[in-house]
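# Chain and residue survey
Listed below, chain by chain, are the residues.
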Amino acid sequence: MFTGSLTADLLLGDVHSLKEKRSLVRPVVAELRRRYAVAAAEVGDTDLHRRVQVGVATVAGDAAQVGEVLDACERLLAERPELTLLSTHRQLISSDDS
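A brief structural summary. (Residues numbered from 1 in each chain as written. Predicted model: local features only at pLDDT ≥ 70, side-chain atom pairs only at ≥ 80, totals over all residues. Heavy atoms only, no water.)

### Examining the environment of Leu 10
Quick reminder of the rule: Going along the chain from the N terminus, every DSSP run of H or I of four or more residues is numbered as a helix, and every run of E of two or more is numbered as a strand. A 1.4 Å probe rolled over the protein chains alone gives each residue an accessible area, and that area as a share of the maximum for its type sets the label: buried under 20%, exposed over 50%, partly exposed in between. It only takes one pair of heavy atoms within 4.5 Å for two residues to be counted as in contact.
Note that Leu 10 resides in strand S1 (residues 2-12). Its relative accessible area of 1% is what places Leu 10 among the buried residues. Sequence spacing of Leu 10 and Asp 45 is 35 residues, and the spatial spacing of their C-alpha atoms is 9.6 Å. Other than its neighbours up to four places away in sequence, Leu 10 contacts Arg 50, Arg 51, Val 52, Val 54, Leu 77, Leu 83, Thr 84, Leu 85 and Leu 86.

In structure tokens, the structure reads:
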């Protein structure tokens, strides 16, 4: 069993309040969950208006499948016109790791 995580650092467009930020981020997180059956949440930069970190996690039987899901999630974030993907960090853990 393999567990993979992706943390994406994102810059938001013309946002002037935390309420506006939530109205942009919430649908993106919901779409990640719905389309790819992953756990997804806003995980950082919660007090900044124009920055957000979104975390995604998935579990699969092989590393390639985890990679494919995380690739698809990263593409979805990169293709959203209201977001600019600044950087990503990935982690892959095998159940054989001690």
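What follows picks up the thread again.
### Some details on the pattern of salt bridges
Put simply, the rule reads: Here, a salt bridge means any side-chain nitrogen of Lys or Arg that lies within 4 Å of a carboxyl oxygen of Asp or Glu.
Considering all chains together, one arrives at seven salt bridges under this definition. For Arg 51, the salt bridge identified is with Asp 9, shortest N-O distance 2.5 Å. With Arg 51 in strand S3 (residues 51-60) and Asp 9 in strand S1, the pair connects residues that are 42 residues apart, well separated along the chain. Arg 80 serves as the salt-bridge partner of Glu 82, at 2.8 Å between the closest nitrogen and oxygen. For the residue pair Glu 82 and Arg 80, the accessibility class agrees, reading buried in each case. Through salt bridges that share partners, Glu 31, Arg 35, Arg 80 and Glu 82 make up one connected network.

### Let's talk about the sheet that holds strand S2 (residues 39-44)
The condition that has to hold: Strands are labelled as partners when DSSP assigns at least two bridges between them. Inter-axis angles, ranging from 0 to 180 degrees, are taken between N-to-C directions of lines fitted to C-alpha atoms, where helices are fitted over the stretch in contact.
With antiparallel pairing, four strands are arranged side by side in an open sheet as S2-S3-S1-S4. Both edges of this open sheet fall to S2 and strand S4 (83-94), since each of them pairs with a single strand only. Neighbouring strand axes in the sheet, compared pairwise and without regard to direction, differ in orientation by 20 degrees on average. Looking at chain direction, S1 and S4 are connected through 11 bridges and run antiparallel. Residue pairing for S4: Leu 10 is matched across the bridge by Leu 85. Sheet strands in contact with helix H1 (residues 18-36) are S1, S2, S3 and S4, and its direction is about 150 degrees off that of S2. Across the sheet, helix H2 (residues 63-79) lies against S1, S3 and S4, angled at about 10 degrees from S1, the strand it touches most.

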